[in-house]
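Breakdown of the fold
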Amino acid sequence: MDIPVYLFAGFLDGGKTTFINGILRDGFALETPTLLLCCEEGAEEYDPSLLRNVTVVTVEEEAELTQDFLKRCEKKYRPRQVLVEFNGMWSLGRLYQEALPNNWVLYQIMTMVEAATFDVYAKNLGQLMMEKITNADLIVFNRCDESLRASLRQRNLRMVNRRASIYLENTDGTDEEYADDSVCPFDLSQDIIEIPDDDFGVWYVDVMEHPERYEGKAVRAKTVVCHLPQYPGEVILGRFAMTCCEADITFLGLVARGVGFDAFENRSWADVTGVVHLKRHKAYQGEDGPVLHVTALSPAGKPEQEVLTF
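Below, the structure is looked at part by part. Going along each chain's sequence as written, the residues are numbered from 1 onward. Side-chain atom pairs in this predicted model are given and counted only at pLDDT of 80 or more, local residue features only at pLDDT of at least 70, and totals for whole chains, interfaces and linings cover all residues. Hydrogens and water are ignored here; the side-chain numbers use all heavy atoms of the structure.

Helix and strand assignments follow DSSP, with helices taken as H or I runs no shorter than four residues and strands as E runs no shorter than two, numbered in order from the N terminus. Scanning the chain for helices and strands turns up 7 helices and 15 strands. Principal-axis analysis of the C-alpha atoms gives the chain an extent of 65 × 45 × 35 Å. For the chain, buried positions account for 46% of its 310 residues. Accessible surface area values rest on a Shrake-Rupley calculation with a 1.4 Å probe, where residue burial reflects the displayed protein chains alone. For the chain, the exposed surface amounts to about 16,000 Å²; the carbon and sulfur share of it is 46%. We treat Lys and Arg as the positive residues and Asp and Glu as the negative residues; His and chain ends play no part in the count. Where a charge lies is defined by one atom per residue type: Lys uses NZ, Arg uses CZ, Asp uses CG and Glu uses CD. Placing the 30 positive and 50 negative side-chain charges of the chain at their respective mean positions leaves the two points 3 Å apart. For every residue, the accessible area obtained with a 1.4 Å probe (protein chains only) is divided by the maximum for its type, and the residue is called buried under 20%, exposed over 50%, and partly exposed between those limits.

Rendered as structure tokens:
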């Protein structure tokens, strides 16, 4: 039986224990036997009233985290899910590459960062900090004030991790999404903006929501070529994406103009380079939208993940 693992990463006093108390208070382990591996003890403690269905096991040394140790925990406590409050000074890579048993499936990595200490850790423990940022599915910066919010957005962490949900938690207890109109997930200063295969969906959403950012910018991406009879002399370039489940697959595409598309069969793959211009087009309900003026085109193999997920 597969056991989902939820990993809470970050340095001491970053808010991991507080976050875990919060999800337990919301009923995360109300009916599911849960093992909580505590690899770091800070000033905050787990609320005993929330641990009725949770077994807490303290891990004091990184070397203790082995497949044999974790399998013994599984046999002894029989958890249906595992929470790991990870030590900020330990390597994430060693945990999920070597220590997790085959049936322990890493479902989510959540990174908690005290905003005021982020720069210090990034400068002095850069590799340890950045692995927690780049591998995370959720990132929460705690105790933000106005200047810290502005500083974090100026760093544009979206270019480091484009898939994570990032939130800024303010000193008054409110929170807000990291992304706003000032944050672009791609480096627009490049001569040609490279769109990685896995990030096409992120780019598509950004170019559709903020097409003015990309006016006159050159981009390169691997796409599916679609010939549609209603757009003679043009093609639609894009990717298929699963937004909810296998029954909910849609095509994310934008209009493209250029020469050489006749050599490509419908739904074939191509490496495409082109310049984005805003044009009024019926594909965009008669509004201005991004039209890619293709400058280079070549056949391509399918990417490892053919259908995008969000």
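On to helix α7 (residues 200-209), then. Restricting attention to buried positions, one finds in α7 the residues Phe200, Gly201, Trp203, Tyr204, Asp206 and Val207. In this fold, the buried residues of α7 make contact with β10 (218-226), β11 (234-242), β12 (249-257), β13 (268-280), β14 (288-299) and β15 (308-309). Whether two residues touch is decided by their heavy atoms; if any such pair falls within 4.5 Å, the residues are in contact.

A few words now on the sheet that holds strand β2 (residues 34-38). Whether two strands pair depends on DSSP finding at least two bridges between them. If you trace the 8 strands from one edge of the open sheet to the other, you get β3-β2-β4-β1-β5-β6-β7-β8, paired in mixed fashion. The sheet is open, and its two edges are formed by β3 (54-58) and β8 (175-177), each paired on a single side. The mean inter-strand angle of the sheet, taken between neighbouring strand axes irrespective of direction, is 20 degrees. Sheet topology places β2 next to β3; 5 bridges connect them, and they run parallel. The residue of β3 that forms the bridge with Thr34 is Val54. With axes taken as lines fitted to C-alpha atoms, and helix axes fitted only over the stretch in contact, angles between N-to-C directions fall between 0 and 180 degrees.

Read these as geometric descriptors, not functional statements.
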